[in-house]
Amino acid sequence: MMATTHVFAGLAIVAPLAHVAPEFAVPLAAGAIAGGLFPDFDLAFEHRRTLHFPVYGSVLAVLATIGAVLVPSSPTVGFAAFAVAAWLHAASDALGNGPEFDPWTDARENAVYNHFAGRWMQARRYVRYDGAPEDFALGLALAVPALVVFDGRVRVVVAAALVPAFAYTLFRRQVADLVPAWLE
Ligand SMILES: [Zn+2]
């Protein structure tokens, strides 16, 4: 799934909380955006393994959420949003494709590493590849709660992020053809 889809998923999860506790809207949004992006920083390491924790991430997410409930403050709430969004990103990577950049000629089956079981989770391809039409449609649907609940800068960021996501979806095939093999 596209980075934007992961971010919108994180924002959709925290949107109801931001609605009932608007004083925490900013840390909730910042945490969800950072958490939605964070796992893919392992592109520079072992992608979908170094910073993706589909099982252990749920433990951290639960603990961080308990901490935020017990001691509600901007840092604890923001960290809980981060942990939940990062876990959701890692877990949902198993629902999409493998880490290949060109799904038409180079499909791979290892979707995300399960550190608990010590093996890779297989790509289920409910979303066939990042930038697939269903990926954009899912992201668009997930962006709606954030667009409704948040205002100001968060809403602008969400709306603006839809533009490159749409362009990427539109030209996904050409992008895969253009990028040289060594870059992958
Ligand atoms: Zn990922």
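The present account deals with the structure reproduced in this document.

Conventions adopted
- Residues numbered from 1 in each chain as written.
- Predicted model: local features only at pLDDT ≥ 70, side-chain atom pairs only at ≥ 80, totals over all residues.
- Heavy atoms only, no water.
- Helix = DSSP H or I, 4+ residues; strand = E, 2+ residues; numbered from the N terminus.
- Buried < 20%, exposed > 50% of the residue type's maximum accessible area, 1.4 Å probe, protein only.
- Contact = heavy atoms within 4.5 Å.
- Areas by Shrake-Rupley, 256 points an atom, 1.4 Å probe, with all protein chains shown as cover.
- Salt bridge = Lys/Arg side-chain N within 4 Å of Asp/Glu carboxyl O.
- Pairing = 2+ DSSP bridges.
- Polar contact = N/O pair within 3.5 Å; in protein donor to acceptor, adjacent residues only side chain to side chain.
- Donors = N, O, S within 2.8 Å, 3.2 Å for Na, K, Ca; no water.
- Tetrahedral: all angles 85-135°; square planar, octahedral: opposite > 155°, others 65-115°.

1. Section: the overall build of the protein chain
Alright, step 1. Along the backbone of the protein chain there are 7 helices and 2 strands.
Alright, step 2. Of the regular secondary structure in the protein chain, the N- to C-terminal order runs α-α-α-α-β-β-α-α-α.
Alright, step 3. Seen through its C-alpha atoms, the protein chain measures out along the principal axes to roughly 50 × 40 × 25 Å.
Alright, step 4. In the protein chain, which comprises 184 residues, the proportion classed as buried is 42%.
Alright, step 5. Sequence separation of at least 24 residues holds for 68% of the intrachain contacts in the protein chain that already meet a minimum separation of 6.
Alright, step 6. Only carbon and sulfur atoms are counted for the fraction: they give 72% of the accessible area of the protein chain, which is about 9,600 Å².

2. Some points on the pattern of salt bridges
Alright, step 1. Taken as a whole and judged by the stated rule, the model has 7 salt bridges.
Alright, step 2. Here Arg108 ties to Asp106 by a salt bridge, and the two come within 2.6 Å at their closest N and O atoms.
Alright, step 3. Arg108 sits in the partly exposed class, given a relative accessible area of 38%.
Alright, step 4. The network of salt bridges with shared partners includes Glu100, Glu109 and Arg125.

3. Regarding the pairing of strand β1 (residues 110–114)
Alright, step 1. With respect to burial, β1 is a largely interior element, 4 of its 5 residues being buried.
Alright, step 2. Across 4 bridges, the pairing between β1 and strand β2 (residues 119–122) is antiparallel. Bridge pairing in β2 places Asn114 opposite Arg119.
Alright, step 3. Where β1 folds back onto β2 in an antiparallel hairpin, the turn is made up of 4 residues, including Gly118, whose phi is positive at roughly 75°.

4. Observations concerning the environment of Glu134
Alright, step 1. Inspection of the secondary structure assignment puts Glu134 in helix α5 (residues 133–149).
Alright, step 2. Measuring from C-alpha to C-alpha, the distance between Glu134 and Met1 comes to 9.5 Å, with 133 residues separating the pair along the chain.
Alright, step 3. When near neighbours in sequence (up to four residues on either side) are disregarded, Glu134 contacts Tyr126, Val127 and Arg128.
Alright, step 4. Reaching out from Glu134, the side chain makes a polar contact with the side chain of Arg128 at a distance of 2.8 Å.

5. Let's talk about the coordination of the zinc ion
Alright, step 1. The coordination sphere of the zinc ion, as far as protein atoms go, consists of Asp40 (OD), His52 (NE2), His89 (NE2) and Asp93 (OD), spread over 2.1 to 2.3 Å.
Alright, step 2. Here the zinc ion binds 4 donor atoms, and the angle range of 87 to 163° at the metal identifies the geometry as irregular.

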